Amino acid sequence: MRKLLFVVAALVMTSSAFAAKYGSAGCGLGSMIFEGDQTWWKQVLAATTNGTGVQTIGITLGTSNCDSPAPLKVGQAEAYVEANKVALANDIARGNGETIVGLSKVYGCANTTDFGRALKSNYTMIFPTTAANSKEITHSINTVAATTCNTQI
Amino acid sequence: MFFLPLILLFSFSTVHAQTPDIKTLSQSTRWHRLLHYKKRYISGYKSEVDSREFFLSDNGKYDPEEEMKKSIELFSSSQEPGNDHAICRFPLRFKWLNTELGGPWQSTDISGCTTYISFFQKLAAKRASIIFSSYYLSNPNSAFGHTLLRLSRFEDSSETELLDYGINFAAEARAVNPLVYMVKGLLGGYPGRFNAVPYYYKIREYTNGEFRDLWSYELNLTTPQVFELVDHIWELGNASFDYYYFDENCSYHLMALLEVVFPDKDLTSRFRFFAIPADTIRKLRQEGLIAEGKKRESTYTRLMRLSAGLPAEDLKTAKEIAVHPDKVGEVKKLKDQEAANVLDVSLEAFDYFNAQKILTEDPATKKKKEPILAARAANPIITEEKKVENIAADSPANTHSPVRLGLYQGYEHNSGQLTRFEFRTSFHDMLDPVAGSLRDGELEMGRVAFEHIERKDESARFRLDHFSVFSIKNFSEQNFWASPLSWELSAGAKRVLFTCFDCPGAFIDGSVGNTVQLQNGNYLISFLMNAELDIQNSFKENYRVGTGPKLYLRAKFTDALLSGLSLPYHWYSYSARDLGTNQAFLPEWETRYHFKNNLSLSLRTRGQAVHDIWTIRGELGLQYFY
């Protein structure tokens, strides 16, 4: 009997180990959200699926946590920087990458390669410490874009 | 200002010579799709939308004609609708009806629909793609993968995905108990809704957080069709659907959404009982509705690719730096290009090792990473990003159909000739065609096999051979960067050894262990510890437990020829039927040749050895996927 208990316990434990990893991961049950799970993307999903009272008609376009639209104007760059901070630091350190292409579109830079190079050489100015917030980062990027891309900020 | 829906409103209103009667019009496919009506089994219709707000008439969920009459009445009620008006809430219905009825509302001014217009402009969609987020075996609830839509703002498709929006269908669950959650999910206890989020959140969630590759397939849509799609997404904003894990899931509802803009295609019939995400992608490809796919690498895939070209010495340095970033000075002894390669791998590896903390933006982790970033920024080399190549082999659009039928002819010594029938509802096992499916895993739901077998001195029998509710294997490899646990789990009913000849018992079978791969994954070897629980009334106390080691090998000689060998050895908690032993060796070997993606030949032998008494059977059969 003890053996049986062991096996059953092992199976139950494995399945609850999976359960602990439930995220908003995918299709089906996995895309559901657990209460009390505070990781940011679950909050985002929770916020966006909550159907707040603010907008009674139609689909939500992101609320509180996720109020940052994908940017199209320089004024919206901060939201983009905030959401892509990690990838952006990697890309700026390397001097190219997708986040730079995106920024280049937002700032209307004619030459993405030059923009990437300029950002790279200004890495320490843009990220003086890891604690730099997205407002400061965006401000520094504005300066680089102003000289490299001739963008009016 | 991107494009004005106002202009669009009248752009495709070819005025019909005579207006059709409402009864006929309300039976048209387009109307049914706009309201998600499906034929009921006996007679009549029912919409799959479960929220009251989606319908304008009281009985709209069940009555297409009444809903149309009410729509026409409401659409005629205002020349200058405001946000709460039916016209603003259901612009596509309005536009379509306006066209079909010969343009009765041509002079209606919808500029008062400000929330709709701002939604339209915010998305600014020019193109649309369907996205497949890869199989995720670590979470049984998204093991089959996931699909969503992406709306793109730029005509130019290169690297602008970060500026796009993702349209996701998901269930809103509020449950803490996973069991409640599972059961409710299966039975439709949660409402599902569409929502729009900046696509970069989806990238972070899937590729950086869960290491799942994302595949995108651009839909072959004209600009007016993209606008219709956006209009309908808007209409669905308030709609909720009861969410069912297997049939009415994300992939099903995306197909229903696409049916609205592809009026002459049937995209949902196939999926009424079972919608496997990859299968919906395959269907779209079959119908010619999507372009060649593009792959967005997960952090892990990228790490593997970047490190593939590096010498072993550099890899060691890269890993050392990723684990201890303050040792970044080690790259100083390298030439610039080599140092850049090492640092690129270190950055990726750091993100891989610390994925969860990076997602939550843990300050200490960010600080820890700083030396690598600074060193990389100081290194002058800018490496050209390599495009991900040759993805066809992995593309889920090329996956096989999930449903499989098998017919086998064989012989079992000690018994006689046998004929076996097998049916599987989904989706993939270790030897099925590899293209676009799970790489090193198995995910089967519902497989049943019956056989007709001759017996010595007795009449032939028809009996259940095997039934599994599910069978999941995750044999991810151990390598330089990762050491995941391999595991498998299955449950169902099967004939139980050492008991009566043909009585089935329930079983749960699980293993854990490690897997290594050789020659680019062509050879896979798993070392496992296995435990099995059998429940049947012929055992003392009605159950038996078997434990022991298990070795599993799979060889992929070509994409069409695969072979698998399973070697479990069990010690049972009881010896049964006075066999005098409680040990058994249960080898199984199968080789499969795939003629095509949907037709395979299987050669299989199974044995069982108790003491030195062997029972061996061999089978040859055909498998057909549909």
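Summary of the structure given here. Nothing here was measured: the structure is a model prediction, and the numbers come from that model.

Parameters at a glance
- Residues numbered from 1 in each chain as written.
- Chains lettered and ligands numbered in written order.
- Predicted model: local features only at pLDDT ≥ 70, side-chain atom pairs only at ≥ 80, totals over all residues.
- Helix = DSSP H or I, 4+ residues; strand = E, 2+ residues; numbered from the N terminus.
- Buried ≥ 20, exposed ≤ 12 C-beta atoms within 10 Å, placed from the backbone.
- Contact = placed C-beta atoms within 7 Å.
- Pairing = 2+ DSSP bridges.
- Axes fitted to C-alpha atoms, helices over the stretch in contact; angles between N-to-C directions.
- Parallel < 35°, antiparallel > 145°, perpendicular 65-115°, else oblique.
- Left-handed = near helix turned anticlockwise from the far one by under 90°.

1. Some points on the overall build of chain A
The helix and strand tally for chain A stands at 8 helices and 0 strands. When the helices and strands of chain A are read in sequence order from the N terminus, they spell out α-α-α-α-α-α-α-α. Looking at chain A as a whole, 46% of its 153 residues are labelled buried. Expressed as a percentage of contacts within chain A between residues at least 6 apart in sequence, the contacts between residues at least 24 apart total 38%.

2. Notes on the sheet that holds strand β5 (residues 165–171) of chain B
Residues and elements named next belong to chain B. In spatial order, the strands read β8-β6-β5-β4-β3-β7-β9; together these 7 strands make up an open sheet with antiparallel pairing. Since the sheet does not close on itself, it has two edges, and those belong to β8 (241–243) and β9 (294–296), each with one partner. If you compare each strand with its neighbour and ignore which way they point, the axes differ by 35° on average. With 7 bridges joining them, strand β3 (residues 127–133) and strand β4 (residues 146–152) adopt antiparallel strand pairing. Opposite Arg127, over in β4, you have Ser152 as the bridge partner. The strands that helix α10 (residues 223–235) touches are β3, β4, β5 and β6 (190–198); relative to β3, the one it contacts most, it runs at about 65°. Against the sheet, helix α12 (residues 277–286) contacts β3, β4 and β7 (214–218), and its axis sits at roughly 140° relative to β3.

3. Comments concerning the packing of α10(B) against helix α11 (residues 250–261) of chain B
All names here are of chain B. Closest axis-to-axis distance for the α10/α11 pair is 9 Å, and the angle between their directions is 130°. Classed by the angle they form, the pair α10 and α11 counts as oblique. Relative to α11, the crossing made by α10 is right-handed. Of α11, the residues touching α10 (which contributes Gln225, Glu228, Leu229 and His232) are Leu257, Val260 and Val261.

4. Some thoughts on the pairing of strand β20 (residues 588–596) of chain B
Residue and element names in this part refer to chain B. Pairing of strand β18 (residues 561–572) with β20, which is carried by 6 bridges, proceeds in the antiparallel orientation. Within β20, the position partnered with Gly564 by the bridge is Glu590. Both β20 and strand β21 (residues 599–610) contribute to a ladder of 8 bridges, which runs antiparallel. Across the sheet, the residue bridging to Lys596 is Leu599, located in β21. If you look at the hairpin formed by β20 and β21, you'll find 2 residues sitting between the two strands.

5. A few points about unusual backbone geometry
All names here are of chain B. With omega at 5°, the peptide bond leading from Ser426 into Phe427 counts as cis. The phi angle at His36 is positive, at roughly 60°, despite the residue not being glycine. Counting through the fold element by element, His36 comes out in the loop between α3 (29–34) and β1 (37–39). The class of His36 is buried, set by 23 C-beta atoms lying within 10 Å. Of note, Asn520 is a non-glycine position whose phi angle comes to about 55°, a positive value. With respect to the helices, strands and loops of the structure, Asn520 is situated in the loop between β15 (504–518) and β16 (523–535).

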